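This is what each chain is made of:
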Amino acid sequence: MLLKQTDAKIVLVDDDLQALSLLQSILQHEGYTNVTTFNDGHDLLRHLESNSADVVVLDLMMPNISGIALLREIDAEKSGITVIVATAEQQIETAIECMKLGAVDYLTKPIIVKRFMSSIQRAIELFMLQEEIDAHQKAHAIDASVTMLVPAIITQNKDMLALLKYVEIVAQSFQPILVTGETGVGKELFAQAIHTLSKRNGLFVSVNVAGLDDTLFSDTLFGHKKGSYTGAFTDRDGLIKKAAKGTLFLDEIGDLNELSQIKLLRLLQENEYYPLGSDIPMQNTARLVVATNRNLKQQMIDGKFRKDLYYRLCSHQVIIPQLRNRRDDIPLLLNHFLVESAKTVGKRQLTYRKELIDLLSTYDFPGNIRELHAMVLDVVTRATTAKIHVSAFKELILREKGGEITHFDQSTGEENDKIVFHRFPTLKQAENELIRRAMEITNNNQGLAAQKLGVTRQALNNRLRRSKKE
């Protein structure tokens, strides 16, 4: 990993010799001494055959080989090089296409010095972070120590532990982080974890942007000056200022309207904003974390979310797995929520039998961790003994499934389990496959599998013994 940003190996490529000389001078003035320039893309490719580079700034319009063709040749994802493209204002779509191919940023000509340096610093930071992430992945180390720093996230799942390690690394960056996942997986908990692990001195400030029109969005984030609109009797600081040197968490970012998306993009690009009614820019020192349960990429394809904003947000992505994909965490979460719920309602902690874990492990939890928490609180509140009965959770799962008793009385598992035969089976083949599938989805619990099949446990046991002899 680089000791400091000014050690970075930067390569500038542009057929305009005057522009090359100017940009090189700017970098050297800022302390970057390891700067190489080329006015032909082929020279860049020959250079990279025997030399490494950390950042490449690439002009898209060059005579011998285009910038986009060079980007494909460089193959940023495999080489590890962070690429910034420079283009004319009317070629923004091409620049965004380059970001799809791995470029981390784009600059429009004529290049503004402040914007250029901000982009260089961002690219170097991303390069350094990616080196650290790659080193951790190569080590194949599952380190659970990070959970001690963020005790609100309860897990022993290896994918979750790897995700938390990734979060620990990127939390040090000032770049925005996009947190995605289904409803109830704990997106705000992860945003708070990012803030904690970043060790930033400011506050963690959260706001749900769904339903905010552009004026309300601007007023909420940027604040306003006295007299900026009817009813603005005093100056008001926005949440960005409240979160100064801390973290600003924007939830439901997928619901942001187009005008607000433009303003958020400018904030990310320029790192400054204007309070309503003011023409004096304010510097932003808050780190942005955004979250959504929507498919932002699909929204971008459908024209509902700006492409340039999407690629600006997705440099660091935290994709939280659903509870059904981390079933080994269910015992930990259940015990945690039992203790928490007992304290909430003023009862002693309740006990349960292993069959409860088996039951919960066969349920899909469409509402994820939030649903499990609500279930436990409901059962603990209504409990009249010190022991939890599996039937209490069966009742709640049944209610969630819409009260289809005929469907659930024979199943404690997934409502949409399907068995597909590619040709018409014999009775023996159908029976064997039904038994195999029932045992599979109940984690080989014969009691639950028998319920699912509508037979007694003894009858299932007899069939299993008989099949072993055949």
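What comes next is a walk through the structure. (Residues numbered from 1 in each chain as written. Predicted model: local features only at pLDDT ≥ 70, side-chain atom pairs only at ≥ 80, totals over all residues. Heavy atoms only, no water.)

1. As for helix α12 (residues 258-270)
Which entries qualify depends on this criterion: Secondary structure elements follow DSSP: runs of H or I of four or more residues count as helices, runs of E of two or more count as strands, with numbering from the N terminus. Each helix should span, by expectation, one fewer than its residue count multiplied by 1.5 Å. The buried label applies to any residue whose accessible area, calculated with a 1.4 Å probe on protein chains only, is under 20% of its type's maximum; exposed applies above 50%, and partly exposed to all values in between.
With 13 residues, α12 extends 18 Å between its outermost C-alpha atoms, agreeing within 8% with the 18 Å of an ideal straight helix rising 1.5 Å per residue. All of the buried residues in α12 are Ser260, Gln261, Leu264, Leu265, Leu267, Leu268 and Gln269.

2. Some thoughts on the nonpolar core
Where we set the bar: Think of a nonpolar core as a cluster: buried Ala, Val, Leu, Ile, Met, Phe, Trp, Tyr and Cys residues, connected wherever their side-chain atoms sit within 4.5 Å. Every residue pair with non-hydrogen atoms within 4.5 Å of one another is taken to be in contact.
If you look at the biggest cluster of nonpolar residues, it comprises 55 residues, and the most contacted ones within it are Leu44, Val56, Leu58, Leu248, Leu250 and Leu264. Counting residues per element, this core draws most heavily on helix α5 (residues 92-100), which supplies 5 residues. Leu58 has contacts with Val13, Leu44, Gly67, Leu70, Leu71, Val83, Ile84, Val85 and Ala86, leaving out every residue within four places of it along the chain.

3. A word on the sheet that holds strand β7 (residues 204-208)
Which entries qualify depends on this criterion: The pairing criterion is simple: DSSP has to find at least two bridges between the two strands. Throughout, an axis means a line fitted to C-alpha atoms (over the contacting stretch in the case of helices), and angles, computed between N-to-C directions, take values from 0 to 180 degrees.
The 5 strands are arranged β7-β10-β13-β6-β14 in an open sheet whose pairing can be described as parallel. Each edge of the open sheet carries a strand with a single partner, namely β7 and β14 (316-319). Geometrically, the sheet is characterised by an average inter-axis angle of 20° between neighbouring strands, direction not taken into account. Of the strands in this sheet, β6 (177-180), β13 (287-292) and β14 are in contact with helix α8 (residues 158-170), which crosses β14 at around 150°.

4. Focus on empty space enclosed by the protein
Worth spelling out the cut-off: Lining residues are defined by having an atom within 4 Å of a point belonging to a cavity or pocket. Those points lie on a 1 Å grid over the protein atoms alone, cavities being sets where a 1.4 Å probe fits but cannot get out and pockets being open sets with protein on both sides within 12 Å along at least five of seven lines. Grid points are joined across faces, edges and corners, and a volume is the space filled by probe spheres set on the points. Residue type decides the class: Asp, Glu, Lys and Arg count as charged, Ala, Val, Leu, Ile, Met, Phe, Trp, Tyr, Cys and Pro as nonpolar, and the leftover types, Gly among them, as polar.
Counted according to the given criterion, the structure contains 1 cavity of 30 Å³ or more. Taken as a whole, the largest cavity spans an internal volume of roughly 50 Å³. What lines the largest cavity is Leu12, Val13, Asp14, Leu20, Leu23, Val57, Leu58, Asp59, Ala86, Lys109 and Ile111. When residues of the lining of the largest cavity are traced back to their parent elements, those giving at least two are β1 (10-13), α1 (17-29) and β3 (55-59). Broken down by element, the residue count for the lining of the largest cavity peaks at 3 residues, all from β3. Grouping the amino acids of the lining of the largest cavity by side-chain chemistry returns 8 nonpolar, no polar and 3 charged.

5. Things to note about the sheet that holds strand β5 (residues 105-109)
Judged by pairing direction, the sheet is parallel, and its 5 strands sit side by side in the order β2-β1-β3-β4-β5 without closing on themselves. Each end of this open sheet is capped by a strand with a single partner; those strands are β2 (35-38) and β5. Within this sheet the neighbouring strands show an average axis-to-axis angle of 20°, counted without direction. Bridge analysis of strand β4 (residues 82-88) against β5 gives 5 bridges, and the strand direction is parallel. Its bridge partner being in β5, Ala88 is matched across the sheet by Lys109. Seen against the sheet, α1 touches β1 and β2 and runs at an angle of roughly 160° to β1.

6. Brief notes about the packing of aromatic side chains
For the record, the criterion: Each pair of aromatic rings taken from Phe, Tyr and Trp, with Trp reduced to its six-membered ring, is defined by centres within 6.5 Å and is described as stacked if the planes are under 30 degrees apart, edge-to-face if over 60, and tilted in the remaining cases.
Tallied over the entire structure, the rule returns 5 aromatic pairs. A ring pair is formed by Phe217 and Phe222, whose centres lie 6.3 Å apart and whose planes are at 80°; its orientation type is edge-to-face. Residue classification places Phe217 among the buried positions, given a relative accessible area of 0%. Accessibility expressed as a relative area gives 7% for Phe222, which makes it buried. Ring geometry for Phe222 against Tyr273: centres 5.5 Å apart, planes inclined by 20°, an arrangement best described as stacked. Of this pair, Phe222 sits in helix α10 (residues 214-222) while Tyr273 is found in strand β11 (residues 272-273), placing the two residues 51 residues apart along the sequence.

7. Considerations on the environment of Pro366
Within the secondary structure layout, Pro366 lies in the loop between α16 (354-360) and α17 (368-382). Residue class for Pro366 comes out partly exposed when judged on its relative accessible area of 46%. Distance from Pro366 to Ile177, taken between C-alpha atoms, is 25 Å for residues 189 residues apart in sequence. Beyond its immediate sequence surroundings of up to four residues, Pro366 is in contact with Glu182, Thr183, Arg324, Glu371 and Glu400.

8. Re the pattern of salt bridges
This is how it is decided: Definition used for salt bridges: Asp or Glu carboxyl oxygen within 4 Å of a side-chain nitrogen of Lys or Arg.
In this structure the tally under the stated criterion is 28 salt bridges. Taking the shortest distance from any N to any O, the salt bridge between Asp105 and Arg115 comes out at 3.3 Å. Of this pair, Asp105 sits in strand β5 while Arg115 sits in helix α6 (residues 113-139), placing them 10 residues apart in sequence. On the accessibility criterion, Arg115 (10% relative accessible area) is buried. For Glu272, the salt bridge identified is with Arg266, shortest N-O distance 3.5 Å. A cluster of three or more residues bridged by salt bridges with shared partners is formed by Glu433, Arg436, Arg437 and Glu440.

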